[in-house]
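These are the residues of each chain, in order.
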Amino acid sequence: MFGRRELVLCNRKVWDFFLLATRNPTMATAEAIFRTGLPRLHHFDPFFNCSSSFLSVKPINGRSRRSRRNHCSKAVLKCPAKVYACRGSIDPLSFGRINKSAGGPGSSRCKCQQQSETFGSDGGGMSIPVFGINGGGQDFALLQQLKPENGDVAVGGNGGMLDGNGTAATSTDVQLKGASTNPIEDEAWDLLRASVVYYCGNPIGTIAANEPNSSNVSNYDQVFIRDFIPSGIAFLLKGEYDIVKNFILYTLQLQSWEKTMDCYSPGQGLMPASFKVRTVPLEGDENASEEVLDPDFGEAAIGRVAPVDSGLWWIILLRAYGKCSGDLSMQERVDVQTGIKMILKLCLADGFDMFPTLLVTDGSCMIDRRMGIHGHPLEIQALFYSALLSAREMLAPEDGTAELITVLNNRLVALSFHIREYYWVDMRKLNEIYRYKTEEYSYDAVNKFNIYPDQIPPWLVEFMPSKGGYLIGNLQPAHMDFRFFSLGNLWSIVSSLANMEQSHAILDLFESKWEDLVAEMPFKICYPALEGQEWRIITGSDPKNTPWSYHNGGSWPTLLWQLTVASIKMNRPEIAERAVELVEKRISRDNWPEYYDTKRGRFIGKQSRLFQTWSIAGYLVSKQLLANPDSAKILMNEEDSEIVNAFSCMIGSNPRKQRGRKAVKQPFIV
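So, how was this worked out
- Residues numbered from 1 in each chain as written.
- Predicted model: local features only at pLDDT ≥ 70, side-chain atom pairs only at ≥ 80, totals over all residues.
- Heavy atoms only, no water.
- Helix = DSSP H or I, 4+ residues; strand = E, 2+ residues; numbered from the N terminus.
- Contact = heavy atoms within 4.5 Å.
- Areas by Shrake-Rupley, 256 points an atom, 1.4 Å probe, with all protein chains shown as cover.
- Axes fitted to C-alpha atoms, helices over the stretch in contact; angles between N-to-C directions.
- Parallel < 35°, antiparallel > 145°, perpendicular 65-115°, else oblique.
- Left-handed = near helix turned anticlockwise from the far one by under 90°.
- Buried < 20%, exposed > 50% of the residue type's maximum accessible area, 1.4 Å probe, protein only.
- Pairing = 2+ DSSP bridges.
- Phe/Tyr/Trp six-rings, centres within 6.5 Å; stacked < 30°, edge-to-face > 60°.
- Core = buried A, V, L, I, M, F, W, Y, C linked by side-chain atoms within 4.5 Å.
- 1 Å grid on protein atoms, 1.4 Å probe; cavity = no way out; pocket = protein on both sides within 12 Å on 5 of 7 lines; lining within 4 Å.
- Points joined across faces, edges and corners; volume = space filled by probe spheres on them.
- Nonpolar A, V, L, I, M, F, W, Y, C, P; charged D, E, K, R; others polar.

Participant: Outline the overall build of the protein, listing residues and values.
Facilitator: What the protein contains, in helices and strands, is 21 helices and 23 strands. Intrachain contacts of the protein at a sequence separation of at least 6 include 70% that bridge at least 24 residues. In the form shown here, the protein has an accessible surface area of approximately 29100 Å², with 52% of it arising from carbon and sulfur atoms.

Here it is as structure tokens:
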């Protein structure tokens, strides 16, 4: 059901457009304005946790999916402009829903017919800009200014502009509004808006890369959940909320799809890695087609790996949307609350693992190829911790939620203790591991995971500074992955998975090892690279992950925004400013690559895509956050006092006292 705020906003929008049409005789009819100006709102059934206005079975690319999806039908016309208007009339009293009578008995699908660029029978009509992946990026900025609730400019007759007083605004006024004096920023915004993808006329995300004249698109023309996060944050900080809201709701609908890989279906809470807007023939009409969303849950991915991080990023973005826009009604919706719970239940499900960390396979996060991160990689744990805190903040108090929150709180305490105690290494800890005794069978063992001192790699002895430290990449029985992974460490600072002392030490490491981790282009995704026999065994001789390339020690500009948030949180923004200055020297000239190769990041990646969207968005987010540091709070999680208080009890506890049927309340080793 719609919340009160949604109904009020929709009513106000209908009334504003009605007044606008009656004041200006040169405008199109009110009916045409309603067709194009109102948001398409769908009725959500709380039982199905997804839009109840559609349920269909349609083969896509030779495979049949049982799905709940939106269809946007459009006639195939010889028209370069792709502008949509609903076939059915919109009843203002139905608060923006499509009139079912217009589409046949019981039909509430969004059916959109492609029209000419101008609406209205008198020829004077209203001009609608074309934008996004079907047009130019500058038009998206123009359309944002047409929205009365997001700015001071509304649509006037013959495509003109009206300011807040109803008087005409010149094109110069529109261009100057929000203009930037930094040409790199201006270019970045144009490129970001040009990457926007539209579905049924609504912006729903950004494609992974928008490289012109590329002969091998692969899946870079899809909207990836993790790739959209910096894009979404950039739009939020810019005050453009619609695209983020649409992205959250449409991906939520995809969550309930049936996912099958060789007759096996994973958990319901799984979010897709990516989705694509496809145009398919409309049944029963050879001259028409419709738009459908085609998600990939890992069935088509290289290696066929499910994206564990997608649902975690989705929760983090949902919280950021509420904090930035002030629209808390969306996270209170029944379908959104159900989506959060489905993700949590999937992550908190009981298993054989004795550790509070999430057990995942290789390639289930940003490093989506075989790189030896299977087990309990730090990146997943940092995102998991952040998502748990964010979800706890957004969950509505109701029957059945209390038990989930109790489980969630127990997991938070155990996870934070486990990571801080066993993943942390600095010079003192390294010397302790160097002197470990092995084969300890005892509840009071110091070397709980039976780590052999000979595992300490020679490079680490030289790499570890006297001041500073970091969280290792992975921990399993008899195995510590000592590689430094940037995203996991940075997000551990942002989410407060690392304590204050550890957070400062991580940034100290960045500063002292700047030439190794940054050099000529931020940032090494991991350090050091796998080489020689180790590279052949661990990666399977992956030709894309050669030493100091791609995921194997490549430099990724998109990591700039995570560093910026972490630096601002620790009141050390000068670290991020130094990195931004380095990026601005060459990233625009290099056409915004996906990643850089070589130990110092001197070459554009051998297989790097150009005009990579999250490289563009990462830079923009960093610039926005440095200009307004307080806005970084939408992404930060503050340290929980209850978790801090629980540590003293856990450190002094005797594991033997927890043995017994009644005493054991959680299965995590701490």
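Participant: I'd like to hear about the packing of helix H9 (residues 334–347) against helix H10 (residues 378–394), residue by residue, with values.
Facilitator: The contact between H9 and H10 brings their axes to 11 Å, and the two run at 140 degrees. Considered as vectors, H9 and H10 are oriented oblique to each other. When the axes of H9 and H10 are compared, the crossing they make is left-handed. In contact with Gln-337, Ile-340, Leu-344 and Cys-347 of H9, H10 contributes Phe-384, Leu-388, Ala-391 and Met-394.

Participant: Explain the pairing of strand E11 (residues 196–199) to me, and be specific about the residues and the numbers.
Facilitator: Residues Val-196 and Tyr-198 line one face of E11 and the alternating positions Val-197 and Tyr-199 line the opposite face, and both faces are buried. In terms of strand pairing, E11 meets strand E12 (residues 202–206) through four bridges, oriented antiparallel. Its bridge partner being in E12, Val-197 is matched across the sheet by Gly-205. Taking the residues between adjacent antiparallel strands as the criterion, E11 and E12 are bridged by two residues, where Cys-200 takes a positive phi near 55 degrees.

Participant: Go over the side chain of Thr-558, please, and point to the residues and values.
Facilitator: As for its position among the elements, Thr-558 is in the loop between helix H17 (532–539) and helix H18 (560–569). In this view, Thr-558 contacts Pro-230, Met-366, Trp-614, Ser-615 and Gly-618; residues no more than four positions away in its chain are not counted.

Participant: Pulling in residues and values, what's your account of the packing of aromatic side chains?
Facilitator: Counted according to the given criterion, the structure contains 24 aromatic pairs. Relative to Phe-275, the ring of Phe-247 lies with its centre 6.5 Å away and its plane at 35 degrees, an arrangement referred to as tilted. One end of the pair, Phe-247, is in helix H7 (residues 242–255); the other, Phe-275, is in strand E14 (residues 274–282), and 28 residues separate them in sequence. Both residues of the pair, Phe-247 and Phe-275, belong to the buried class. With a centroid separation of 5.5 Å and an interplanar angle of 70 degrees, the aromatic rings of Phe-355 and Phe-449 are classed as edge-to-face.

Participant: Could you give me a rundown of the nonpolar core, with the residues and numbers involved?
Facilitator: Counting 156 residues, the largest nonpolar core has Trp-314, Ile-340, Tyr-470 and Phe-482 as the members making the most contacts within it. The element that contributes the greatest number of residues to this core is H10, accounting for 11 residues.

Participant: Describe empty space enclosed by the protein, naming the residues involved and giving the relevant values.
Facilitator: This structure, assessed with the given rule, holds four cavities of 30 Å³ or more. In this structure, the largest cavity occupies an estimated 100 Å³ of space. Lining the largest cavity, in full, are Cys-365, Ile-367, Ile-373, Pro-377, Leu-378, Glu-379, Gly-473, Phe-485, Ser-486, Leu-487, Gly-488 and Ile-525. Within the residue set of the lining of the largest cavity, elements represented by two or more residues are H10 and helix H14 (486–494). Per-element accounting of the lining of the largest cavity gives the leading share, three residues, to H14. The residue makeup of the lining of the largest cavity, split by class, is eight nonpolar, three polar and one charged.

In short, shape yes, function no, at least from these values alone.
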